[in-house]
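Per-entry structural report
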Amino acid sequence: MNLDRLPALWADLIRSPASLPVALAVSASVLVLGFFVYRLVFASLSRLAGATQTSLDDLLVRRMRLPARMLVALLAMHAFISLRGGELPTLHKGVLLLELALSAYLAIEIAETLIIDYWLAERRKVQLPALVRHLLLTILYLVAGLSIVGAVTGVDLVPLLATSTVITVVLGLALQDTLGNLFAGLALHSERSFGVGDWILVDGVEGQVIYVGWRSTRLRTFSGDVVILPNSVIAKARVQNFCAPDRNCARNIEMLVALAASPEAVERAAHRACSEVPDVLREPAPRLWLAAVTPLFQRYVIKFWIADFERHDVLESEVMKAFFRACRDEGVALGPAAAQPALAVELRPAVIAGPAAGAGGSAAAAGPADPKAAPLVLPAIVVAPAAPPPAVASDVEG
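Below, the structure is looked at part by part. (Residues numbered from 1 in each chain as written. Predicted model: local features only at pLDDT ≥ 70, side-chain atom pairs only at ≥ 80, totals over all residues. Heavy atoms only, no water.)

Comments concerning the state of the cysteines
- The final tally for this structure, using the stated rule, is zero disulfides.
- No disulfide involves Cys243; its nearest neighbouring cysteine sulfur is the one of Cys249, lying 7.0 Å away. (Disulfide = S-S within 2.5 Å.)

See below:
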């Protein structure tokens, strides 16, 4: 049998309308054959997914089942309408439009799953950014939609959209902010400034990147809130990435110690404090330097490295508590109050009045101090009173 004549035979067949029973029988045959092919194809895909031990069955097979069934039903309806001589041209074009749309959807889904999810992610271990992925899918769906509408209606929409000045101006004005965010997101991805999971500080907001889209970037702060920042704002702001070039980040804490404290004792206390916290990295080694010396205290800076920025506040607290314990063991006093107390307290002795205590009675004769006597608060730093001016001898004798 010459297969080249099948299109001509089909054209001759649909040129004259078939009877209703014949059209129904052919449509049912197409439906049964389509579902048989559907089950055969998806059984093969399921075996392939099980053999490769990947998520291909979840990503491809499950998403394609419903569109494939709808496509089989539309093919049967298309056969029925064609055999009846196209007595409903609007319905015929609608069915054809849906068939082509479902076919394009399945083709794009297969290409996305096999290339992006399977070949790149599973085999090559390359994670395509969500922004690039969404942009590629948007372009593919747009081209497929315009091509399908043009093929069914006979109108080529691509040159119409490209040459229409009015549509171009309207779209440019309407999508100005959207396009700005889109191109800003593409620039951020091309520069690889940050990625999902990184902790960044941008525009006064500190948080972990949980999503990077074509319009905005989402951050989860330490309080658990989600902050959505437009990509155009991030592109113009100063971005500090705490996870670049690697996950290790340095933390600095300042401690005030007494003015009389020995620098060697402070250094021993700092190294001991960092060694007592397990999550403080040993390489690079912690550092300590004297930042300032004032009349009241010394200011030291302890610098150490951690591998998890999310716990930096907890680890800083642990290091400060360990430094406090180490300073207590080393005999180093903390804070400016230890260097020069602001106040000194002295108990005022109580004097027992009475005839037994004469005018010339001593403090011992006055009796013991009253324990309920109010304390006398004296300033610790007492300014000496100014000396009286020397007496000037008179030249005139009395």
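Remarks on helix α4 (residues 89-123)
- A rise of 1.5 Å per residue sets the reference length of α4, with its 35 residues, at 51 Å; its end C-alpha atoms lie 48 Å apart and thus fit the reference within 8%.
- Most pronounced at Thr113, the bend in α4 amounts to some 25 degrees. (Helix = DSSP H or I, 4+ residues; strand = E, 2+ residues; numbered from the N terminus. Expected span 1.5 Å × (residues − 1). Bend = angle between axes of the 7 residues up to and from the residue.)

Here's the deal with the pairing of strand β3 (residues 216-220)
- The pairing of strand β2 (residues 205-212) with β3 spans four bridges and is classified as antiparallel. When the bridges of β3 are listed, Gln208 appears paired with Arg220.
- Connecting β2 to the antiparallel partner β3 that follows it, the hairpin turn spans three residues.
- In this structure, β3 lies alongside strand β4 (residues 226-230), joined through five bridges in antiparallel fashion. Across the sheet, residue Ser216 finds its bridge partner in β4, namely Pro230. (Pairing = 2+ DSSP bridges.)

Points about the side chain of Thr217
- Among the structural elements, Thr217 can be located in strand β3.
- Polar contacts involving the side chain of Thr217 include one to the side chain of Asn231, which spans 2.8 Å.
- Not counting chain neighbours up to four residues away, the residues in contact with Thr217 comprise Phe194, Val209, Tyr211, Val212, Val227, Ile228, Leu229, Asn231 and Ile234. (Polar contact = N/O pair within 3.5 Å; in protein donor to acceptor, adjacent residues only side chain to side chain. Contact = heavy atoms within 4.5 Å.)

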